[in-house]
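# Architecture at a glance
Single-letter residue listing:
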Amino acid sequence: MKKEEDVELLSIDGREVRVTHPQKLYFEKLVKLSKLDLVRYYLAIAPGALAGIRDRPIVLKRFVNGAEGEAFYQKRAPSERPSWLRTITLSFPSGRTAEEVVVDDAAGLVWIANLGCIELHPHAVRSGDLDHPDELRIDLDPGPGVTWADVRQVALEVKAVLDDAGLRGWPKTSGSRGMHINVRIAQRWSFTEVRRAALALSREVERRVPALASSKWWKEERHGVFLDYNQNAKDRTTASAYSVRPLPDARVSAPLEWSEVAECEPGDFTVFTMPQRFADIGDPHAGMDAEAGLLDGLLELAARDEAEGLGDAPWPPHFRKMEGEAPRVAPSRAKTAAKKTAVSKAPKEPRSKMPLITIANSRKEEMALEGLERWKSKYPEAAALLAVDDVLVDRMRGSSSIWFRIRVNLRHVPEELRPAQETPDPDDDSTRAWREDRGAKTDESAPDQ
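First, a word on what this report is: a plain description of the structure on this page. (Residues numbered from 1 in each chain as written. Predicted model: local features only at pLDDT ≥ 70, side-chain atom pairs only at ≥ 80, totals over all residues. Heavy atoms only, no water.)

### Focus on the overall build of the chain
Per the secondary structure count, the chain includes 12 helices and 18 strands. Here the chain holds 449 residues, and the buried ones make up 53% of them. Sequence separation of at least 24 residues holds for 70% of the intrachain contacts in the chain that already meet a minimum separation of 6. For the chain, the computed accessible surface area is about 20600 Å², with 50% contributed by carbon and sulfur atoms. (Helix = DSSP H or I, 4+ residues; strand = E, 2+ residues; numbered from the N terminus. Buried < 20%, exposed > 50% of the residue type's maximum accessible area, 1.4 Å probe, protein only. Contact = heavy atoms within 4.5 Å. Areas by Shrake-Rupley, 256 points an atom, 1.4 Å probe, with all protein chains shown as cover.)

### Topic: the packing of aromatic side chains
In this structure the tally under the stated criterion is 5 aromatic pairs. On the numbers, 5.6 Å between centres and 50° between planes, the contact of Trp375 with Tyr379 is tilted. Its relative accessible area of 7% is what places Trp375 among the buried residues. Here the aromatic cluster, defined as three or more aromatic residues joined through ring pairs, consists of Trp217, Phe226 and Tyr229. Sitting above the plane of the Phe92 ring, Lys75 keeps its charged end 4.2 Å from the centroid. The ring of Trp258 is capped by Lys159, whose NZ or CZ atom sits 5.9 Å from the centre of that ring. (Phe/Tyr/Trp six-rings, centres within 6.5 Å; stacked < 30°, edge-to-face > 60°. Lys NZ or Arg CZ within 6 Å of the ring centre and 35° of its normal.)

### With respect to unusual backbone geometry
Going from Asp425 to Pro426, the amide bond is cis rather than trans, its omega being 0°. Here Pro426 lies in the loop between strand E18 (402–409) and helix H12 (431–436). Positioned with a positive phi, Ala250 is a non-glycine residue whose angle comes to about 55°. Looking at where Ala250 falls in the secondary structure, it is placed in the loop between strand E15 (225–227) and helix H6 (258–261). Judged by its relative accessible area of 0%, Ala250 falls in the buried class.

### Brief notes about helix H4 (residues 148–164)
Under the 1.5 Å per step criterion, the end-to-end length of H4 is 25 Å for 17 residues, consistent within 8% with the ideal 24 Å. All of the buried residues in H4 are Trp148, Val151, Arg152, Val154, Ala155, Val158, Val161 and Leu162. (Expected span 1.5 Å × (residues − 1).)

### A word on the environment of Gly178
Along the chain, Gly178 falls in the loop between strand E12 (170–173) and strand E13 (179–184). Sequence separation of Gly178 and Val225 is 47 residues, and the distance between their C-alpha atoms is 8.5 Å. Those residues within four positions of Gly178 in sequence are excluded, and the remaining contacts are Leu140, Pro142, Trp148, Val151 and Thr173.

### Details of the sheet that holds strand E11 (residues 135–142)
On the basis of which strands lie adjacent, the open sheet formed by 5 strands has the order E12-E13-E11-E15-E14 and mixed pairing. Edge positions in the sheet fall to E12 and strand E14 (213–214), since each has one partner strand and no second. Relative to E13, E11 is paired through 6 bridges, and the arrangement is antiparallel. Within E13, the position partnered with Arg137 by the bridge is Asn182. Packing against the sheet, H4 makes contact with E11, E12, E13, E14 and E15, and its axis sits at approximately 15° to E13. (Pairing = 2+ DSSP bridges. Axes fitted to C-alpha atoms, helices over the stretch in contact; angles between N-to-C directions.)

### Details of the pattern of salt bridges
Charged atoms that come close allow side chains of opposite charge to pair. This model, assessed by the stated rule, comprises 38 salt bridges. The salt bridge partner of Arg126 is Asp134, with a shortest N-O separation of 2.8 Å. The buried category is assigned to Arg126, whose relative accessible area is 15%. With a shortest N-O distance of 3.4 Å, Glu204 and Arg304 are connected by a salt bridge. Of this pair, Glu204 sits in helix H5 (residues 191–208) while Arg304 sits in helix H8 (residues 296–307), and the two are 100 residues apart along the sequence. (Salt bridge = Lys/Arg side-chain N within 4 Å of Asp/Glu carboxyl O.)

### Structural notes on the side chain of His285
Within the secondary structure layout, His285 lies in the loop between helix H7 (274–281) and H8. Looking at His285, the relative accessible area reads 8%, which means it is buried. A polar atom in the side chain of His285 sits 2.8 Å from the backbone oxygen of Pro171. Apart from residues lying up to four places away in sequence, His285 is in contact with Trp170, Pro171, Lys172, Pro255 and Leu256. (Polar contact = N/O pair within 3.5 Å; in protein donor to acceptor, adjacent residues only side chain to side chain.)

### Concerning the environment of Asp389
Looking at where Asp389 falls in the secondary structure, it is placed in the loop between helix H11 (380–384) and strand E17 (391–397). Taking the C-alpha atoms as reference, Asp389 lies 8.4 Å from Glu221; in sequence the two are 168 residues apart. Sequence-distant contacts of Asp389, that is, excluding residues within four places in its chain, are made with Arg222 and Arg411.

### Quick word on the nonpolar core
In terms of nonpolar packing, the biggest core is built from 91 residues, with Tyr42, Leu136, Ile138, Leu140, Val158, Leu295 and Leu298 touching the most fellow members. Apart from residues lying up to four places away in sequence, Leu136 is in contact with Ile181, Asn182, Val183, Ile185, Val194, Ala197, Ala198, Asn232, Leu295 and Leu298. Grouped together as the second largest cluster of nonpolar side chains are 19 residues, Ile359, Ile406, Val408 and Leu410 included. (Core = buried A, V, L, I, M, F, W, Y, C linked by side-chain atoms within 4.5 Å.)

### Digging into helix H3 (residues 106–114)
Along H3, 9 of the 9 residues are buried, which leaves the element largely enclosed by surrounding structure. Taken together, the buried positions of H3 are Ala106, Ala107, Gly108, Leu109, Val110, Trp111, Ile112, Ala113 and Asn114. One or two positions beyond H3, positive phi appears at Gly116, with a value near 100°.

Here you go:
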């Protein structure tokens, strides 16, 4: 390892990679972790991390100011890149295309880490066939107030449904509050068909544990753990195995054996603990490529749902309207519109609105949730009357980033106890700068975390 000014030159399998500003802190709120520390982590677990991203186009989610700073998504490969780094042209539902990076080796992994890519966001396709995914992705996203024990229980129910369908799931912590379960599949189905299978699985899990799981797209209908079937739509990405997440303790998305799921704790898997775990037990997902399964069982389940009147569920907003998809509008708005039509000639009555107040706006979900806890401490009587689904955590999309809004529905709080709308705390809306600068260059809509 050779040091030159503020650059570390690393020789990795015969390739030289520059790490600029190696001592720049990427984590400093709870733990201290430099860019070079991040690079060393990825080198220590490179075989595992590469198994999740090799031969796949990857979106660069860049934290150039560290984990506590705002990230931005870069789909297009940087013009200045090593000659040995592959790219491939990917098309999106909008009709636009982008030349994206493909990382095949440890040198490429270090090169994107040097760009500030704390997380790894690969697509669910291989470079040889961009139209047929080889992975079905199940994203368990807990709502506010949902416990980790509930997430684990839903994960085990997902396994039971997969077992019934003749498929093997490979679980991992998301590195945040949820869990991911990836399923290797034969490359013979389109994105639409894979998403249809994921929707059928989500609905079946909801039927089996209705108090814990939800397949409903609209936040006002959700409860418990949401199974985000739309992560299988074309151009969506999720953080892959061994990805470092931008949380204060530098935790990572940890591949698990199914025997570990019932007792695991996400905070046990960090940049500091994962290298030793990897050295001791290897990669629990090492056999995934040899277990490619068929979607026939889940697609039969989808056909049964459709025969019983369950049509398609909403797609992400930037997709065109799909055949068989219900109106892409929140149920409460649809009911309001239907009521207006039915009584258009009747005397108008004052419209009843949900008593919603905004608690926090922040570029970091963690900071927004901290603001929610401060509000609860300030108004304990009102907070004690809230149901789990009265707290709405909205992931908002800016031009090239996301931010988080937390609202509270005071419907269960008597009017005399309802706090008034105050200035949100924090109040950091990342779209303001974009609205002030309409000429800013934009990319395709950013994928969810």
